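Take a look at the letters that make up each chain.
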There are 2 protein chains.
Amino acid sequence: MAEEVSNKQIVLRDYVKGFPKESDMTVKTSTIKLKVPEDCSDAILVKNLYLSCDPYMRGRMRKTEGSYVDSFTPGSAITGYGVARIVDSSHPNFKKGDLVWGMTGWEEYSLIRSTQGLFKIQHTDVPLSYYTGILGMAGHTAYSGFYEVCSPKKGEFVFISAASGAVGQLVGQFAKLLGCYVVGSAGSKDKVDLLKNKFGFDDAFNYKEEPDLNAALKRYFPDGIDIYFENVGGKMLDAVLLNMKVHGRIAVCGMISQYNLEQPEGVHNLFNLITKRIRMQGFAVFDYYHLYHKFLDMVLPLIKQGKLNYIEDIAEGLESAPGALVGLFYGRNVGKQVVVVSRE
Amino acid sequence: MAEEVSNKQIVLRDYVKGFPKESDMTVKTSTIKLKVPEDCSDAILVKNLYLSCDPYMRGRMRKTEGSYVDSFTPGSAITGYGVARIVDSSHPNFKKGDLVWGMTGWEEYSLIRSTQGLFKIQHTDVPLSYYTGILGMAGHTAYSGFYEVCSPKKGEFVFISAASGAVGQLVGQFAKLLGCYVVGSAGSKDKVDLLKNKFGFDDAFNYKEEPDLNAALKRYFPDGIDIYFENVGGKMLDAVLLNMKVHGRIAVCGMISQYNLEQPEGVHNLFNLITKRIRMQGFAVFDYYHLYHKFLDMVLPLIKQGKLNYIEDIAEGLESAPGALVGLFYGRNVGKQVVVVSRE
């Protein structure tokens, strides 16, 4: 008979309006059998090790239909990207002991009924937590967005918003490796320092200290922007549109400044798409999963050679997860926000 | 000695705010020598035959810098696309008697100092006025935007705003020829009837009679829109964003609803670019001039075989030009607005 253990879970109380609060989530303890049920084929049961806090999760706290990811179910454990160890499997491609990353539960143990979009971890000579970020969804997002959407060329002028976040810090480094001129915006002096001193950006600024974003961008890009990697939306996007170069590209990855508003801000300067013949393209990493191994082949050596820097903001213990997630929307995290559930 | 003749001109009095009025322009009569001046190499002197009224001209009535076309010069003749006969030439590639289309003056005779972007008319077995529209800038815009920007595929669902205009009517017919399902919006019952009965659209609606554009689009596209050919901007764009399909494309050709506003309306639903991974791309025909002959090779036979319909709204005489141009912004024209300066 399978061992039954207690299973702490992070549960969403109810759908959220405005800025999320820690108290929108609660810790619940249930029990789970450490075995895939008999009637459950092609499933795995995992012990969760690291969880990823990502901005897109805000959308899931809202009751939505037809979005690209499902809403959370109030009363049930939140789901998100994470790193886990397989405890039991009824799937031929996964076996007990394997490490995986992908969509799992915010709980100690999860039964994962669909292994679609789950990747086996084959390289363990880097910190496992990296698979919540630089080697997981965020890294692959940065890679796909920059190389597949931005059509970057050496010498181009690249602007990245929310640049010290998990995706932004990598996009900036990819752009520098290609020989672009790279400027990032972030929301604190510490983050700006990181961009300039740790991630090698050519320049960076604190958007909160810029009353006129258009003027700020003109200062950093007197000749205009070729590529904008969009993570924030709203006023920043409007200012960027005024400063794009002809045939510029905007890769739309996220719009975190809008996620907690009931009505998104209006963007007024879209006519610049025509006058400057700009391509503005939304994307999501799961359209590029077929490139994951190509991405790893590029990024793993760069990490090992010290040519890519990466900063994690680690929260210890599942109980810290609600605070860590909520912190994203206040810009509290510095670097990739990770929650450690267990170091095994 | 060269003959000197009187030269009626349409002159912009001053830069325009809000909706343009006929009285923003005036008729002025000056004189011109029917010869390219001695010191003017690579220039031509033309007699203007047909002039094209185009929505983009509204932007030129405003003092702007760094746009994709220059502002008009108050006090001088307006410039725009037209069809003309060469009276004299100092350019080796153009000779007296040649017919050309391209940028010329709103006047009886024009000295054209730069022949860049001027096309010699080689096929005269179609009405000459067609080179202000279906065989000129508007037709080439429709062709470039649809085939080069929209990445259309047979069976896709296509929505076109300002669909009875010079560009829209052609985009819809191109889409039908490819086997797409095509719906257009326009601003009167007559235009809607034209779309359905003359241009072969699958359906069409009068946006002025739709208090809820989102609901209207859901009615015409219950499964969503693959391709939106954007001519109007503003509220229509916002409604379309809610109704796009995953991996949809938006070709941004114009935003006529915004041209007379001091501050453009805000567009709120851009987050859909991400959730549906939409490509939204501005374009301008002059980036595709190298495809002009390929375009003609496709379109001329279709016109001669009666497979492309085309409607012109003809204003007689240069004096009618201000009213014809202003009419565009009130949706007065039905089909391509042309001004006849001279039938020779």
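Cut-offs and rules
Residues numbered from 1 in each chain as written. Chains lettered and ligands numbered in written order. Predicted model: local features only at pLDDT ≥ 70, side-chain atom pairs only at ≥ 80, totals over all residues. Heavy atoms only, no water. UniProt positions renumbered as here; feature names shortened; annotations may be inferred. Helix = DSSP H or I, 4+ residues; strand = E, 2+ residues; numbered from the N terminus. Rg over C-alpha atoms; globule rule 2.2 N^0.38 Å. Contact = heavy atoms within 4.5 Å. Areas by Shrake-Rupley, 256 points an atom, 1.4 Å probe, with all protein chains shown as cover. Lys, Arg positive; Asp, Glu negative; His and termini not counted. Charge placed at Lys NZ, Arg CZ, Asp CG, Glu CD. Core = buried A, V, L, I, M, F, W, Y, C linked by side-chain atoms within 4.5 Å. Buried < 20%, exposed > 50% of the residue type's maximum accessible area, 1.4 Å probe, protein only. Axes fitted to C-alpha atoms, helices over the stretch in contact; angles between N-to-C directions. Parallel < 35°, antiparallel > 145°, perpendicular 65-115°, else oblique. Left-handed = near helix turned anticlockwise from the far one by under 90°. Nonpolar A, V, L, I, M, F, W, Y, C, P; charged D, E, K, R; others polar. Disulfide = S-S within 2.5 Å. Least-squares fit on C-alpha atoms with pLDDT ≥ 70 in both. Salt bridge = Lys/Arg side-chain N within 4 Å of Asp/Glu carboxyl O. Pairing = 2+ DSSP bridges. pLDDT = per-residue confidence, 0-100. Buried area = accessible area lost by both parts, 1.4 Å probe. Polar contact = N/O pair within 3.5 Å; in protein donor to acceptor, adjacent residues only side chain to side chain. Right-handed = clockwise from strand over helix to strand, strands pointing away. Phe/Tyr/Trp six-rings, centres within 6.5 Å; stacked < 30°, edge-to-face > 60°.

In the nomenclature of an unreviewed UniProt entry, chain A is known as 2-alkenal reductase (NADP(+)-dependent) of Sesamum alatum. Word for word, the UniProt comment on chain A under Sequence similarities (unreviewed entry) is "Belongs to the NADP-dependent oxidoreductase L4BD family." Under the heading Subunit (unreviewed entry), UniProt records this for chain A: "Homodimer."

Participant: Can you walk me through the overall build of chain A in this structure?
Facilitator: In terms of helices and strands, chain A carries nine helices and 15 strands. Taking 20 Å as the expected radius of gyration for a compact globule of 344 residues, we find that chain A reaches 20 Å, a close match to that expectation. The contacts of chain A with a sequence gap of at least 6 include a subset with a gap of at least 24, amounting to 69%. When the accessible surface of chain A is split by element, carbon and sulfur atoms take 49% of a total near 13,900 Å². Each charge class in chain A was averaged separately, 39 positive and 38 negative side chains, and the resulting centres sit 3 Å apart.

Participant: For this particular structure, what's the right way to read the nonpolar core?
Facilitator: Looking at soluble globular proteins, one finds that nonpolar side chains tend to be buried together. The biggest cluster of nonpolar side chains holds 217 residues, and the ones touching the most others in it are Leu270(A) and Leu270(B). If we ignore the near neighbours within four places in the chain, the residues touching Leu270(B) are Leu237(A), Met255(A), Val267(A), Leu270(A), Met280(A), Leu241(B) and Met280(B).

Participant: Sorry if this is basic, but what is going on with the packing of helix H5 (residues 213-220) of chain B against helix H6 (residues 234-243) of chain B here?
Facilitator: Helix-helix packing is described using two parameters, namely the angle between the two axes and the distance between the axes. Residues and elements named next belong to chain B. Between H5 and H6, whose axes approach to 9 Å, the crossing angle comes to 45°. When the axes of H5 and H6 are compared, the pair comes out oblique. Where H5 crosses over H6, the handedness of that crossing is right-handed. Contacts between H5 and H6 involve Leu213, Asn214, Leu217 and Lys218 from the first element and Lys235, Met236, Ala239, Val240, Leu242 and Asn243 from the second. Grouping the constituent residues of the contact of H5 with H6 by class yields six nonpolar, two polar and two charged.

Participant: What is the right way to look at the state of the cysteines in this model?
Facilitator: Two cysteines whose sulfur atoms are joined by a covalent bond form what is called a disulfide. Residue and element names in this part refer to chain A. Overall, the coordinates contain zero disulfides over all chains when judged by the stated rule. Cys253 carries a free sulfur, and the closest cysteine sulfur to it, the one in Cys150, is 9.5 Å from it. Owing to a relative accessible area of 16%, Cys253 belongs among the buried residues under this scheme.

Participant: Quick question: what am I supposed to make of the relation of the copies chain B and chain A here?
Facilitator: Of the transformation superimposing chain B on chain A, the axial component is 0.0 Å and the angular component is 180°, with the fit at an RMSD of 0.0 Å. Taken together, these values place the two copies in the relation of a two-fold axis. Residue Gly266(B), judged by its C-alpha, is the member of chain B lying nearest the rotation axis, at 1.9 Å. When you check the interface residues of chain B against chain A, 100% turn up at the interface there too, and the contact is symmetric in its surfaces.

Participant: So what exactly am I meant to see when it comes to unusual backbone geometry here?
Facilitator: Negative phi is the rule for most residues except glycine; trans is the rule for most peptide bonds. Residue and element names in this part refer to chain B. Look at Ser151: it is not a glycine, yet its phi comes out positive at around 45°. Locating Ser151 in the fold gives a position in the loop between helix H2 (137-149) and strand E8 (157-160). Judged by relative accessible area, which is 34%, Ser151 ranks as partly exposed. Phi is positive for Ala162, which is not a glycine, with a value near 45°. Residue position: Ala162 is located in the loop between E8 and helix H3 (166-178). The class for Ala162 is partly exposed, based on a relative accessible area of 30%.

Participant: I keep staring at the pattern of salt bridges and nothing clicks. Help me out?
Facilitator: Oppositely charged side chains can form a pair if their charged atoms are brought close together. Residue and element names in this part refer to chain A. With the rule as written, the count across this model stands at 36 salt bridges over all chains. Here Glu265 ties to Lys235 by a salt bridge, and the two come within 2.3 Å at their closest N and O atoms. You can see Glu265 sitting in the loop between strand E12 (244-252) and helix H7 (272-275) and its partner Lys235 sitting in helix H6 (residues 234-243), a full 30 residues away along the chain. A residue is classified by how much of its surface remains accessible, and Glu265, at 25% relative accessible area, is partly exposed.

Participant: I tried to follow the sheet that holds strand E13 (residues 279-282) of chain A on my own but got confused; where do I start?
Facilitator: Strand pairing within a sheet occurs via backbone hydrogen bonds; the two strands may be parallel or antiparallel. The mixed open sheet is built from 12 strands, whose spatial order is E10(A)-E9(A)-E8(A)-E11(A)-E12(A)-E13(A)-E13(B)-E12(B)-E11(B)-E8(B)-E9(B)-E10(B). Both outer strands of the open sheet, strand E10 (203-206) of chain A together with strand E10 (203-206) of chain B, are each paired with one neighbouring strand and no more. Averaged over neighbouring strand pairs, the angle between their axes works out to 15° when direction is ignored. With five bridges joining them, strand E11 (residues 225-230) of chain B and strand E12 (residues 244-252) of chain B adopt parallel strand pairing. The residue bridging Tyr228(B) from the neighbouring strand is Ile250(B), located in E12(B). Contacts from H6(A) reach strand E8 (157-160), strand E9 (181-186), E10, strand E11 (225-230), E12 and E13 of chain A, with the element oriented near 150° to E12(A). Contacting E8, strand E9 (181-186) and E11 of chain B, H3(B) crosses the sheet at an angle of about 170° to E8(B).

Participant: Honestly, the confidence of the model for chain A in this entry has me stumped. Any pointers?
Facilitator: Residues shown with low pLDDT carry predicted positions that ought not to be read at fine detail. Of all residues in chain A, 99% have pLDDT values of 70 or greater, and the mean over the chain is 95. In the predicted complex, the global pTM is 0.94; the interface-specific ipTM is 0.93.

Participant: How should the interface of chain B and chain A be read in this particular structure?
Facilitator: Frequently, the measure chosen for interface size is the accessible area removed from exposure when the parts meet. Contact residues are listed per partner, giving 30 residues for chain B and 30 residues for chain A. Both sides of the chain B and chain A interface together cover about 2,500 Å² of buried area, and 65% of this is carbon and sulfur. Broken down residue by residue, the surface that chain B buries against chain A is led by His268(B), Ile274(B) and Arg277(B), which jointly contribute 24%. Inspection of the region where chain B meets chain A yields two salt bridges. Counting the contacts that link chain B with chain A gives 12 residue pairs in polar contact (both at pLDDT 80 or more). The set of elements that each furnish at least two residues to the side of chain B that touches chain A consists of E12, helix H7 (272-275) and strand E13 (279-282) of chain B. The element that contributes the greatest number of residues to the side of chain B that touches chain A is E13(B), accounting for four residues.

Participant: Looking at this structure, how should I read the side chain of Asn231(B)?
Facilitator: Residues and elements named next belong to chain B. By the secondary structure assignment, Asn231 is in the loop between E11 and H6. Residue classification places Asn231 among the buried positions, given a relative accessible area of 11%. Separated by 2.8 Å, the side chain of Asn231 and the backbone oxygen of Ser161 make a polar contact. In contact with Asn231, other than residues within four places in its own chain, are Ile160, Ser161, Ala162, Gly168, Cys253, Gly254, Met255 and Ile256.

Participant: Even after reading the chapter, I still don't get the pairing of E10(A), so can you show me in this structure?
Facilitator: Strand residues, when the strand is regular, have side chains that alternate between the two faces of the sheet. Residue and element names in this part refer to chain A. Relative to E10, E9 runs parallel, the two being bridged by four bridges. When the sheet's bridge partners are listed, Gly184 is paired in E10 with Ala204. Handedness of the crossover is the feature at issue here: the chain leaves E9, passes through helix H4 (residues 189-198), returns alongside E10, and the resulting connection is right-handed.

Participant: Just checking my understanding: could you explain the packing of aromatic side chains for this structure?
Facilitator: Aromatic ring pairs are described here by two measures, namely the spacing of the ring centres and the angle between the planes. Residue and element names in this part refer to chain B. Evaluation of the coordinates by the stated rule reveals 42 aromatic pairs over all chains. Seen from their ring centres, Trp101 and Phe119 are 4.8 Å apart, and the 15° between their planes marks the pair as stacked. Of this pair, Trp101 sits in strand E5 (residues 99-105) while Phe119 sits in strand E7 (residues 119-120), and the two are 18 residues apart along the sequence. The same class applies to Trp101 as to Phe119, namely buried.

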